[in-house]
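Breakdown of the fold
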Amino acid sequence: MGDNSRMSTVFENIISGTWSGRFVWADDLCVAFATIEPTSPGHVLVVPRTPYESWTDAPSDVAAHLMKVARAIGLAQKSAFGVARSGLVIAGFEVPHTHLHVIPLRDESDVLLSKAAPASDDELDAAITTLREALLAAGHGAHVPSSMKSAALD
């Protein structure tokens, strides 16, 4: 194990490409990708590249950046999915790596993580393609990875 006995988080494995992901955003500090158990179509996670266990462990500039990215995605979700609101949840019990749930809200119950359910590959691909297109249309092309399957910075 060497000097570092800490296990990689699931999110580190997704960001590195070891495990597959569907990405809508990538920059120097964070990425955003689909959760495989959404509460509504287009539900994504904004995750810092550095694995802070809790969002309050992240430096203020990183926390502020995560919120800025979540807002840009939320605005794109409203456009892409025709919803009146985009919700934001920061809980972090599932994975010890800060992540912001950004959720298109059809109604208030969509914010409940307890209603998350697995989505099919086709459903996830369709929702993420729609969200990526909305982010591009909103002028965020510099942060939308060229491939949905990669968090690489182009």
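Only a predicted model underlies this, so the values are computations on that prediction, with no experimental measurement involved.

Cut-offs used in this document
Residues numbered from 1 in each chain as written. Predicted model: local features only at pLDDT ≥ 70, side-chain atom pairs only at ≥ 80, totals over all residues. Heavy atoms only, no water. Phe/Tyr/Trp six-rings, centres within 6.5 Å; stacked < 30°, edge-to-face > 60°. Helix = DSSP H or I, 4+ residues; strand = E, 2+ residues; numbered from the N terminus. Buried < 20%, exposed > 50% of the residue type's maximum accessible area, 1.4 Å probe, protein only. UniProt positions renumbered as here; feature names shortened; annotations may be inferred. Contact = heavy atoms within 4.5 Å. Polar contact = N/O pair within 3.5 Å; in protein donor to acceptor, adjacent residues only side chain to side chain. Expected span 1.5 Å × (residues − 1). Core = buried A, V, L, I, M, F, W, Y, C linked by side-chain atoms within 4.5 Å.

So, the packing of aromatic side chains
- Taken as a whole, this structure holds two aromatic pairs when the rule is applied.
- Ring plane angle 65° and centroid distance 5.5 Å describe the contact between F11 and F33, whose orientation is recorded as edge-to-face. Note that F11 is positioned in helix 1 (residues 10-16) and F33 in strand 2 (residues 30-34), a separation of 22 residues in sequence.
- Residue classification places F33 among the buried positions, given a relative accessible area of 2%.
- Residues F23 and F33 carry aromatic rings whose centres are separated by 5.6 Å and whose planes lie at 70° to one another, so their mutual orientation is edge-to-face. Taken together, the residues F23 in strand 1 (residues 23-26) and F33 in strand 2 connect sequence positions 10 residues apart. F33 matches F23 in its accessibility class, with the two residues each being buried.

Thoughts on the UniProt feature "active site" (unreviewed entry) in the protein chain
- Those places that UniProt annotates as "active site" (unreviewed entry) correspond, in this numbering, to H99.
- Mapped onto the fold, H99 is located in the loop between strand 4 (85-89) and strand 5 (100-105).
- Overall, H99 belongs to the buried group, its relative accessible area being 2%.
- Sequence-distant contacts of H99, that is, excluding residues within four places in its chain, are made with F11, L45, V46, V47, V89, I90, G92 and E94.
- Among the polar contacts made by the side chain of H99, one reaches the side chain of E94 at a distance of 2.8 Å.

What to know about helix 2 (residues 60-81)
- Over its 22 residues, helix 2 runs 31 Å from end to end, which matches the ideal 32 Å to within 8%, given 1.5 Å per residue.
- Residues of helix 2 that are buried: V62, L66, V69, A70, A72, I73, G74, A76 and Q77.
- Here the buried face of helix 2 lies against strand 1, strand 2, strand 3 (44-48), strand 4, strand 5 and helix 3 (121-137).
- Just beyond helix 2, the residue with positive phi is G82, at close to 60°.

Quick look at the nonpolar core
- Ranked by size, the top nonpolar core spans 25 residues in total, and within it V24, W25, V44, V46, I73, L131 and L135 carry the most contacts.
- Looking at this core, the elements with two or more residues in it are strand 1, strand 2, strand 3, helix 2, strand 5 and helix 3.
- With near-sequence residues (within four places) excluded, I73 lies in contact with V24, W25, A32, V44, V46, V102, L131 and L135.
- Listed in part, the 11 residues of the second largest apolar core include I14, A26, V95 and A151.

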